Each structure stands twice: as C-alpha cells, then as structure tokens.
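Read off the chains here:
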Amino acid sequence: MATSKKNQGAYHERSGPSPWVLGFEGRDLPPALRAGIRSGQVSGLMLFRDNLGDSAEEARALREEVLAEVPAGAPFLFLADEEGGLIHPTAGMHGPQGERWSAVPTPRAIGRLDRASDVSCRGGVRGERLSQDGRQVDLAPVLDLDTRPENGVIGSRSFGTDPERVAVLGWAFARGLASTRTLACFKHYPGHGGTGEDSHRTLPVMEPKVRSLHERPFVECVRRAYVRTVGNSRDA
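On a predicted model such as this, the values are computed, not experimentally measured, just so you know.

Draft legend 1. Broad picture of the pattern of salt bridges. Using the criterion set out here, one finds 16 salt bridges in the structure. The closest approach of N and O atoms between Arg-34 and Glu-65, which form a salt bridge, is 2.7 Å. Of this pair, Arg-34 sits in helix H1 (residues 31-38) while Glu-65 sits in helix H3 (residues 56-67), and the two are 31 residues apart along the sequence. One connected set of salt bridges, linked through shared partners, spans Arg-34, Arg-38, Glu-65 and Glu-69.

Draft legend 2. Region of interest: the side chain of Glu-215. As for its placement among the helices and strands, Glu-215 is situated in helix H7 (residues 208-222). Residue classification places Glu-215 among the buried residues on the basis of a relative accessible area of 17%. Once residues lying within four places of it in the same chain are set aside, the contact partners of Glu-215 are Tyr-189 and Pro-190.

Draft legend 3. Region of interest: the pairing of strand S3 (residues 77-80). With 3 bridges connecting them, strand S2 (residues 44-46) and S3 associate as parallel partners. Bridge assignment links Met-46 to a residue of S3, and that residue is Leu-79.

Draft legend 4. Broad picture of helix H6 (residues 163-178). Given a rise of 1.5 Å per residue, 16 residues ought to cover 22 Å, and the 22 Å separating the end C-alpha atoms of H6 matches this to within 8%. Those residues of H6 that fall on the buried side of the exposure criterion are Pro-163, Val-166, Ala-167, Leu-169, Gly-170, Trp-171, Ala-172, Phe-173, Ala-174, Gly-176 and Leu-177. Buried-residue contacts for H6 involve helix H4 (107-113), helix H5 (116-133), strand S4 (137-138), strand S5 (183-184), strand S6 (186-189) and H7. The N-terminus of H6 is capped by Asp-162, whose side-chain oxygen sits 3.2 Å from the backbone nitrogen of Glu-164.

Draft legend 5. Region of the structure containing the packing of H6 against H7. H7 packs onto H6 with a crossing angle of 35° between their chain directions and a minimal axis gap of 9 Å. Judged by the sense of rotation from one axis to the other, the crossing of H6 with H7 is right-handed. Of H7, the residues touching H6 (which contributes Pro-163, Glu-164, Val-166, Ala-167 and Trp-171) are Leu-213, Arg-216, Pro-217, Glu-220 and Cys-221. A per-class count over the contact of H6 with H7 returns 7 nonpolar, no polar and 3 charged.

Draft legend 6. Main features of unusual backbone geometry. The omega torsion across Ala-140 and Pro-141 is 10°, close enough to zero to call that bond cis. Mapped onto the elements of the fold, Pro-141 is located in the loop between S4 and H6. Cis rather than trans, the peptide bond between Lys-187 and His-188 has omega equal to 5°. Secondary-structure assignment places His-188 in strand S6.

Draft legend 7. Summary view of H1. By the burial criterion, the buried members of H1 are Leu-33, Gly-36 and Ile-37. Summarising the axial view, the buried residues of H1 lie within an arc of 100°, below the 170-degree limit, and thus occupy one face. On its buried face, H1 sits against strand S1 (21-22), S2 and H3. Of the residues trailing H1, Gly-40 is marked for its positive phi of about 85°.

Procedures and definitions
Residues numbered from 1 in each chain as written. Predicted model: local features only at pLDDT ≥ 70, side-chain atom pairs only at ≥ 80, totals over all residues. Heavy atoms only, no water. Salt bridge = Lys/Arg side-chain N within 4 Å of Asp/Glu carboxyl O. Helix = DSSP H or I, 4+ residues; strand = E, 2+ residues; numbered from the N terminus. Buried < 20%, exposed > 50% of the residue type's maximum accessible area, 1.4 Å probe, protein only. Contact = heavy atoms within 4.5 Å. Pairing = 2+ DSSP bridges. Expected span 1.5 Å × (residues − 1). Polar contact = N/O pair within 3.5 Å; in protein donor to acceptor, adjacent residues only side chain to side chain. Axes fitted to C-alpha atoms, helices over the stretch in contact; angles between N-to-C directions. Left-handed = near helix turned anticlockwise from the far one by under 90°. Nonpolar A, V, L, I, M, F, W, Y, C, P; charged D, E, K, R; others polar. Arc of directions from axis to C-beta.

So, in structure tokens, the structure goes:
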C-alpha cells in the first residue's frame, strides 16, 4: 500500500489491478488524480483533515464525488489515519446530528489503564465515526513498543513497553473497529519502537537482537481473524 500526500502531476502508468492508495491536499481533487481514478489506476484514497472539511456531511459529499469517477464494478477504499491522541484528524469535526466529536485519548493513556474492554470501546467509537464520514479502513492500531525514549516519533502513540500487553490491547482496538465493519491495520512492522530515528526523515535501522521482541505483538495479532493489513515502518 502506498500513500502520497502530494500528487499534483501524473504518476507512472501500469497494467493489471492497481495497488495505489493516494492522498491529496485540500478539498478539490487534482485533475491527474481524478483521471487516475476514472481509468482504474488508483484503487483508494487516504483522506486527511484538510480533505474532510468540518463535518461528516462534507466528508460524505467528497466520497460521493470520488465514487462517481470509479469504474463500474471496481473496488475502491477510503482510508483514515486515526490513532487517537496526536494522530486524530476527526477530533473537532461534527457528526451527522451536528454533535462535535471530541478527541480520543492517546494509546499510551488508555494503555496505562490496561483494560482491554476500554480499548475495544474506544476502537468502536473510532470506527463508528469513520463509518459516518464514509471511510472503511483505519491505519491503526500502533503495535510499536515504547522502549526507546529518544525516539519521539512513537512515544504516546504506543500502548506500552510489554509486547504481550501491547498485543492484547492492539487486538482489542482492532476488535472494536471490526464491530463497526471498519478494517484495521497493524503498524509499524517490524516495530518502529525499536529504532532511534524517525522514518519520515531517514531510514531507521533496527538491531537484529531486538527485532524478535518488537515483532511479537505483530505475530500475535496477525494470527487473529479480523486484520489482513500490516503497515511497514520502512526500517532497514
């Protein structure tokens, strides 16, 4: 799965089913992106806050505009990056009844409570909001272990330091999403928490001796039934 925030120009042509999930800036679909959707070269969109507007109604209107360009019978997905806390684009938007959506606590905060039922409930709240604004996939939960304090890119996005508990809580979150028919994505495999660099800026390197520890939440959760997507952190 590939995402790109900027795609004002054309992108590479390819044959066969499209693997491309793209993003764009603002409320208006760029002409090249619109053409790519119409031709079947793009199979999904990552929608950010600047795309969604201020309400579920506005987000739904954009969704309908996009779907009008999708070839008949072609699959198409709308994705979100809703982790809670710092990564929480829907906070402050208004729901279908005009209610203002409040922020959901960070994974670290709910991880400290260590109650899977609470995490599942919050996953359900997140999934319900995404269902209302028309998105089917959430790129969450984060299964990284918060074992490197100097790695500020993970921090409060993690449920904690213990791989067993992170697996339990991550699975509970995915189950909450699934209760609203929203797909989850376990990230950032093989475990961004085991690195000291930010993968948005460089290629992090994980020591082989710690990799098995950081992979454990992913191994445990992927054994379950609801999730079939795993987000890579671009670690070397």
